[in-house]
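# Reading the structure
Chain by chain, the residues:
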Amino acid sequence: MVRSVYLDHSATTPVRPEVSELMQQYLRNKFGNPSSLHSYGRQARQGLNWAREQVAEAIGANATEIIFTSGGTEADNLAILGTAYAYQDRGRHIITSCIEHHAVLDSCKYLEKRGFRVTYLPVNEYGEVDLTELDRVLDDDTILISIMHANNEIGTIQPIAEIGRRAQERRIPFHTDAVQSLGKVPIDVKQLGVSLLSASAHKIYGPKGAGMLYIREGSRLDPLWHGGSQEQKIRPGTENVAGIVGFGRAVELAIAEMESVAGRVNRLRDRLWAEIQTRISAVKLNGHPSQRIPGHLNISFVGLEGQSLLTALDEKGIAASSGSACMASAIEPSHVLQAIGLSVDQIQGSIRLTLGRDNTHEELDYVLDELPRLVEQLRGPDWNGAACPCER
Ligand SMILES: *Cc1c(COP(=O)(O)O)cnc(C)c1O
């Protein structure tokens, strides 16, 4: 029997019923333009205010420091380009890491073509940025540091507070992409020492097309778009009210349930990984062994093509991915797996399994039934795992 098991929660998540029900109200009844002064407008405005409070509270910020965007990609672009433009008279050096999401990497590459200098910090075998290297490259010309909180491909959580301390000492704007960590691990912008933080609704059971950028009070930032005075003129345009309200509800629920869900998905993940290790030879867990987001597994199955394994799993109704949804169609090997020093074989054989709040042990039974068989088939009868030099 082909079942359907969704193990790609780092790519996106289903909208929770509590979220879609609230969104329905704002799509159908409370449909006013939040800039309108009549009761319809005020009702929509109240929804935005409420959502802003939820998001602000979730990260220890003030509501006035939250700017809603169309998602994580826009928030990253706004943080990086907006800061670079606002600070270009003070300096032209930007520091980021080589394992960032493409929303950050490609924004930095765009700025490089426009006269900015970008340092891409290396990472260790677990995907943690090299702080010694950060100290070495920080200079008087540095106007922005952008290091992600948790990596989407390998789940590694970065030592953000240690970077934040350095940024604050030098009064350098510090951005973190927290799309993968919001609602999964505790976040306090003051404790982390960040001045800019991106997040997205659809990674935490909210709708696609809604996200936010936290901008610390007093930070300078140029808008990328021009028009109305919405979102403090930093992000003009009539707000995506239903999406934003849905984001607010998704954040509220994620924070309230964070500990219990993390415990549950980590138990599922631990079981999945333990049984994969006993049933399948020559497997390697990529990313940090403990400093990782809940429910995240990136595994190299040496001796096969990860893409073929994904196709075979899909035929069995099991949805997994290679490191990043955005890159799934690209042929280029993952920049993240390259950066942590994996061999070509290990990169080619890697897949990402990301568990979510609705996954069950019964679903894992099914996956653990199918996966070893598929791996064996793809490796073929001549494959000799013992001869493989890869470590566990
Ligand atoms: C998904 C993701 C993004 C992009 O967010 P969207 O809302 O899909 O634009 C950015 N950064 C990270 C780390 C992500 O996982």
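Residues numbered from 1 in each chain as written. Predicted model: local features only at pLDDT ≥ 70, side-chain atom pairs only at ≥ 80, totals over all residues. Heavy atoms only, no water.

## Some words on the packing of helix α3 (residues 72-87) against helix α4 (residues 102-112)
Heads up, the rule is: Fitted lines through C-alpha atoms give the axes, limited to the stretch in contact for helices. The angle between two N-to-C directions lies from 0 to 180 degrees. The helix and strand labels rest on DSSP assignments: H or I over at least four residues marks a helix, E over at least two residues marks a strand, and numbering proceeds from the N terminus. Roughly parallel covers angles under 35 degrees, roughly antiparallel covers those over 145, roughly perpendicular covers 65 to 115, and oblique covers all other angles. Left-handed describes a crossing whose near helix is turned anticlockwise from the far helix by less than a right angle; the clockwise case is right-handed. Whether two residues are in contact is decided by their heavy atoms: any pair within 4.5 Å suffices. Residue polarity follows a fixed list, in which Ala, Val, Leu, Ile, Met, Phe, Trp, Tyr, Cys and Pro are nonpolar, Asp, Glu, Lys and Arg are charged, and the others, Gly among them, are polar.
Close contact between α3 and α4 brings their axes to 9 Å; oriented N to C, the two are set at 30°. Here α3 is positioned roughly parallel relative to α4, judged by the angle of their axes. α4 is crossed by α3, and the crossing has right-handed handedness. For the pair formed by α3 and α4, the contact residues are Thr73, Asp76, Asn77, Ile80, Leu81, Ala84 and Tyr85 on the first element and Ala103, Val104, Ser107, Cys108, Tyr110 and Leu111 on the second. Residue composition of the contact of α3 with α4, by class: 9 nonpolar, 3 polar and 1 charged.

## Focus on the domain arrangement of the protein
Our working rule: Residue ranges assigned to each domain were obtained from an automatic or database domain assignment. A pair is scored as a salt bridge if a Lys or Arg side-chain nitrogen falls within 4 Å of a carboxyl oxygen belonging to Asp or Glu. Pairs of N or O atoms within 3.5 Å make up the polar contacts considered here, provided that, within protein, one atom can donate a hydrogen while the other can accept it, and that residues adjacent in sequence are counted only when both atoms are side-chain atoms.
Entries for the protein in the domain assignment read domain 1 (5-13 + 258-387) and domain 2 (17-253). Between the C-alpha centres of domain 1 and domain 2 there is a distance of 28 Å. Of the residues lining the interface, 29 residues belong to domain 1; the matching set on domain 2 comes to 32 residues. At the boundary of domain 1 and domain 2, one finds 0 salt bridges. Put simply, domain 1 and domain 2 have 15 residue pairs in polar contact (both at pLDDT 80 or more) between them.

## Let's talk about the nonpolar core
Note the threshold: To qualify as a nonpolar core, a set must consist of buried Ala, Val, Leu, Ile, Met, Phe, Trp, Tyr and Cys residues joined through side-chain atoms within 4.5 Å. For each residue, the accessible area found with a 1.4 Å probe, counting protein chains only, is set against the maximum for its type, and the residue is called buried under 20%, exposed over 50%, and partly exposed in between.
In terms of nonpolar packing, the biggest core is built from 59 residues, with Ile59, Ile145, Met212 and Phe247 touching the most fellow members. With 8 residues, the single largest contributor to this core is helix α8 (residues 241-256). Three or more residues apiece are contributed to this core by two domains, here domain 1 (5-13 + 258-387) and domain 2 (17-253). Filtering out sequence-adjacent residues up to four positions away, Phe247 remains in contact with Val55, Phe68, Leu182, Ala199, Ser200, Ala201, Ile204, Pro207, Ala210, Gly211 and Met212. Trp273, Val283, Leu310 and Leu374 belong to the second largest nonpolar core, which has 31 residues in total.

## Regarding the sheet that holds strand β9 (residues 283-286)
Condition: Whether two strands pair comes down to DSSP finding at least two bridges between them.
One open sheet holds the 3 strands; their spatial order is β9-β10-β12, and the pairing between them is antiparallel. Bordering the open sheet on either side are β9 and β12 (350-354), each of which pairs with just one other strand. On average, adjacent strands in this sheet sit at an angle of 30° to one another, irrespective of strand direction. Set on the sheet, helix α9 (residues 258-279) makes contact with β9, β10 (296-301) and β12; between it and β10 the angle comes to about 10°. Lying over the sheet, helix α10 (residues 306-315) contacts β10 and β12, oriented at roughly 40° with respect to β12.

## What to know about the packing of aromatic side chains
Two aromatic rings, taken as a pair, are described by how far apart their centres are and by the angle between their planes. So the rule is basically this: Note on aromatic pairs: the rings of Phe, Tyr and Trp (six-membered ring only in Trp) are paired at centre separations within 6.5 Å, and the planes decide the class, stacked below 30 degrees, edge-to-face beyond 60, tilted for the rest. Placement of a positive charge over a ring is assigned whenever Lys NZ or Arg CZ falls within 6 Å of the ring centre and within 35 degrees of the normal to the ring plane.
Scanning the model with the defined rule gives 2 aromatic pairs in all. Judged by centre distance (5.4 Å) and plane angle (45°), the rings of Phe31 and Tyr40 are tilted. Taking relative accessible area as the criterion, Tyr40 reaches 41% and is therefore assigned partly exposed. In this structure, Arg357 packs its charged tip against the face of Tyr205, placed 5.7 Å from the ring centre. We note Arg379 situated over the ring of Trp383; from NZ or CZ to the ring centre the distance is 4.0 Å.

## Details of the site of the ligand
Threshold: The near set for a molecule or strand comprises every residue that places at least one heavy atom within 4 Å of it. Using a 1.4 Å probe, the Shrake-Rupley method yields the accessible areas, and only the shown protein chains count as cover for residues.
Taken together, 13 residues lie around the ligand, and Thr73, Asp177, Gln180, Ser200 and Lys203 are the ones closest in. Side-chain polar atom of Thr73 to an oxygen atom of the ligand: 2.7 Å apart, as the coordinates give it. Gln180 places a side-chain nitrogen or oxygen 2.7 Å from an oxygen atom of the ligand. The protein chains hide 87% of the 380 Å² of surface that the ligand would expose on its own.

## As for α9
As a reminder, the rule being used: Multiplying 1.5 Å by the helix residue count minus one yields the expected span of that helix.
Across its 22 residues, α9 extends 31 Å between first and last C-alpha, which sits within 8% of the 32 Å expected from 1.5 Å per residue. Listed as buried for α9 are Met258, Val261, Ala262, Val265, Leu268, Arg269, Arg271, Leu272, Trp273 and Ile276. Those residues of α9 hidden inside the fold are in contact with α8, β9, β10, β12 and α13 (361-379).

## Some thoughts on the packing of α10 against α13
Relative to each other, α10 and α13 sit at 135°, their axes nearing to 10 Å. Classed by the angle they form, the pair α10 and α13 counts as oblique. Judged by the twist between their axes, the crossing of α10 over α13 is right-handed. Seen from α10, the contacting residues are Ser308, Leu309, Ala312 and Leu313; seen from α13, they are Leu371, Leu374, Val375 and Leu378. Taken together, the residues of the contact of α10 with α13 break down into 7 nonpolar, 1 polar and no charged.

## Re the side chain of Gln158
Among the structural elements, Gln158 can be located in the loop between β5 (142-146) and α6 (160-169). Using a relative accessible area of 4% as the deciding quantity, one classes Gln158 as buried. For Gln158, the side chain forms a polar contact with the main-chain nitrogen of Val129, separated by 2.9 Å. In contact with Gln158, other than residues within four places in its own chain, are Ile99, Gly127, Glu128, Val129, Ile147, Met148 and His149.

## Things to note about the pattern of salt bridges
Applying the stated criterion across every chain yields a total of 21 salt bridges. A salt bridge links Asp141 to Arg117; the nearest nitrogen and oxygen atoms lie 3.2 Å apart. Taken together, the residues span a long stretch of sequence, with Asp141 in the loop between α5 (131-137) and β5 and Arg117 in strand β4 (residues 117-121) at a distance of 24 residues. Between Arg279 and Glu275 there is a salt bridge, and its shortest N-O distance comes to 2.7 Å. With Arg279 and Glu275 both in helix α9 and 4 residues apart, the pair spans about one turn of that helix. The network of salt bridges with shared partners includes Arg16, Glu18, Glu257, Arg357 and Asp358.

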